[in-house]
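Geometric and topological summary
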Amino acid sequence: LARGVTEPDLEGRHVVVSAGGTREPLDPVRFLGNRSSGKQGYALARTAAARGARVTLIAANAALPDPAGVDVVRVGTAVELREAVLAATADADAVVMAAAVADFRPAAYATGKIKKKDDREPEPITLVRNPDILAEISGDRVRAGQVIVGFAAETDDVLANGRAKLKRKGCDLLVVNEVGERKTFGSEENEAVVLGADGSETPIAHGPKEALAETVWDLVAERLG
Ligand code: CTP
Ligand code: CA
């Protein structure tokens with residue numbers, strides 16, 4: 001659905017968006033990270049603000065300027081992201097987890113730079129699990145009627161994987177992207193499908209991140225009533 005004029009349909013609402021990708025430090029100069037740019041989360045924050053919402057954007061390592069009229073909280077690690085999301089979610093009407101959260105972090109942090117030793121093979125890196133923020137906020141809803149949205153990139157049986165993940169996380173909506181060699185840039189094919197806990201399936205055609213963001217807020221606004 002094309003939106004000619006932006007309607008303030010999120011006025012009076014507080015929405016929380018996470019964006020970017022967490023970095024899990026190994027030592028003062030190194031981290032485990034991912035390639036998330038933060039652009040989709042920032043597009044979600046901008047479009048929600050344009051639709052009248054009060055927006056808290058929790059940005060993990062995104063090299064992007066703060067969007068106008070949005071409260072930005074900057075974080076580094078998954079544990080910091082969790083703290084910021086839980087704090088902001090207490091009075092939120094909707095939460096969209098667009099951030100790429102590291103599933104694991106190094107078990108130990110070396111306070112001094114890890115040095116290579118000429119005569120020895122490197123030490124293996126032991127990982128521990130990070131908290132699952134989306135599952136946590138979906139499991140104990142702090143506010144009745146709160147709408148919670150997750151994002152997932154899947155390969156192979158994309159819809160079946162997406163359905164299983166939606167159920168496992170307990171969120172209301174899951175935006176599923178197909179990734180893999182068959183999906184090329186500039187493809188005219190549908191690039192995402194939004195799965196609803198109510199059984200709904202909303203395909204989103206390949207297009208700008210703003211267009212995907214608008215569709216996500218349409219679906220959220222419907223559920224907020
Ligand atoms: N997510 C989260 N906390 C984590 C991992 C993921 O809140 N520790 C959120 C992401 O922000 C995203 C959704 O969960 O909105 C799905 O992330 P994804 O990595 O696809 O889910 P996982 O359960 O980690 O599954 P997988 O094994 O496929 O990585
Ligand atoms: Ca993951």
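See the structure above.
Below is a short write-up of the structure. Since the structure is predicted, the reported quantities are computational estimates derived from the model, not experimental observations.

**Some points on the pattern of salt bridges**
The full count for this structure, using the stated rule, is 16 salt bridges. A salt bridge links R82 to E83; the shortest N-O distance between them is 3.1 Å. When the shortest N-O distance is used, the salt bridge between E136 and R82 registers 2.8 Å. With E136 in helix 3 (residues 133-139) and R82 in helix 2 (residues 78-89), this residue pair connects regions lying 54 residues apart in the sequence.

**Focus: the coordination of the calcium ion (ligand 2)**
Donor atoms from the polypeptide that bind the calcium ion (ligand 2) are D103 (OD) and D103 (OD), placed at 2.5 Å. Among the structural elements, D103 can be located in the loop between strand 6 (94-97) and strand 7 (104-106).

**Some points on the side chain of E24**
Mapped onto the fold, E24 is located in strand 2 (residues 24-27). Summary of buried charges: E24 has no salt-bridge partner, and the nearest side chain of opposite charge, R105, is 5.5 Å away. Of the polar contacts made by the side chain of E24, one reaches the side chain of T22; its length is 3.0 Å. When neighbours within four sequence positions are excluded, E24 is seen to be in contact with F31, L32, T77, A78, A102, F104, R105, P106 and N130.

**Observations concerning the nonpolar core**
In this structure, L44, V149, W217 and V220 are the most contacted members of the largest nonpolar core, which totals 33 residues. Mapped by element, the contributors of at least two residues to this core are strand 1 (14-20), helix 1 (39-50), strand 4 (54-60), strand 6, strand 9 (147-154), strand 10 (173-178), strand 11 (190-196) and helix 5 (209-224). Ranked by the residues each element gives to this core, the list is headed by helix 5, at 8 residues. Look past the residues within four positions of V220 in its chain and what remains in contact with it is A94, V147, V149 and L173. Counting residues in hydrophobic clusters, the runner-up holds 24 residues, among them A60, I133, I137 and A152.

**Some points on the site of ligand 1**
Taken together, the neighbourhood of ligand 1 is formed by 14 residues, with M97, A99, L134, K165 and K169 sitting nearest. A distance of 2.7 Å is found between an oxygen atom of ligand 1 and a backbone nitrogen or oxygen belonging to M97. Here F151 contributes a backbone N or O atom positioned 2.9 Å from an oxygen atom of ligand 1. Burial of ligand 1 by the surrounding chains reaches 76%, relative to a free accessible area of 570 Å².

**Let's talk about helix 2**
Between its terminal C-alpha atoms helix 2 stretches 16 Å, which fits the 16 Å expected from 12 residues at 1.5 Å a residue. Among the residues making up helix 2, those that are buried are A78, L81, A84, V85, A88 and T89. End-on, the buried residues of helix 2 take up no more than an arc of 125°, which puts them together on one face. Looking at the packing, one finds that the buried side of helix 2 touches strand 1, strand 2, strand 4, strand 5 (71-75), strand 6 and helix 3.

**Regarding a nonpolar patch on the surface**
Taken together, L32, F104, I125 and L127 make up a surface patch of nonpolar side chains, about 340 Å² in accessible area. Turning to its location among the elements, F104 is positioned in strand 7. Relative accessible area serves as the criterion here: at 41%, F104 is assigned to the partly exposed category.

**Quick word on the side chain of D27**
Topologically, D27 is positioned in strand 2. Within the structure, the side chain of D27 is placed 2.5 Å from the side chain of R30, a separation counted as a polar contact. Here I114 takes part through its backbone nitrogen, which lies 2.9 Å from a polar atom of the side chain of D27. When near neighbours in sequence (up to four residues on either side) are disregarded, D27 contacts Y109, A110, G112, K113 and I114.

**Brief notes about the packing of helix 1 against helix 5**
Taken N-terminus to C-terminus, the directions of helix 1 and helix 5 make an angle of 55°; their axes are 8 Å apart at the nearest point. Comparing the axis directions of helix 1 and helix 5 gives the class oblique. Judged by the twist between their axes, the crossing of helix 1 over helix 5 is right-handed. Mapping the contact onto sequence places K39, Q40, A43, L44, R46, T47 and A48 in helix 1 and K209, E210, L212, A213, E214, V216 and W217 in helix 5. Its residues assigned to classes, the contact of helix 1 with helix 5 comprises 7 nonpolar, 2 polar and 5 charged.

Cut-offs and rules
Residues numbered from 1 in each chain as written. Chains lettered and ligands numbered in written order. Predicted model: local features only at pLDDT ≥ 70, side-chain atom pairs only at ≥ 80, totals over all residues. Heavy atoms only, no water. Salt bridge = Lys/Arg side-chain N within 4 Å of Asp/Glu carboxyl O. Helix = DSSP H or I, 4+ residues; strand = E, 2+ residues; numbered from the N terminus. Donors = N, O, S within 2.8 Å, 3.2 Å for Na, K, Ca; no water. Buried < 20%, exposed > 50% of the residue type's maximum accessible area, 1.4 Å probe, protein only. Lys, Arg positive; Asp, Glu negative; His and termini not counted. Polar contact = N/O pair within 3.5 Å; in protein donor to acceptor, adjacent residues only side chain to side chain. Contact = heavy atoms within 4.5 Å. Core = buried A, V, L, I, M, F, W, Y, C linked by side-chain atoms within 4.5 Å. Near = heavy atom within 4 Å. Areas by Shrake-Rupley, 256 points an atom, 1.4 Å probe, with all protein chains shown as cover. Expected span 1.5 Å × (residues − 1). Arc of directions from axis to C-beta. Patch = residues over 30% accessible without salt bridge, like charges linked within 9 Å, V, L, I, M, F, W, Y side chains within 5 Å. Axes fitted to C-alpha atoms, helices over the stretch in contact; angles between N-to-C directions. Parallel < 35°, antiparallel > 145°, perpendicular 65-115°, else oblique. Left-handed = near helix turned anticlockwise from the far one by under 90°. Nonpolar A, V, L, I, M, F, W, Y, C, P; charged D, E, K, R; others polar.

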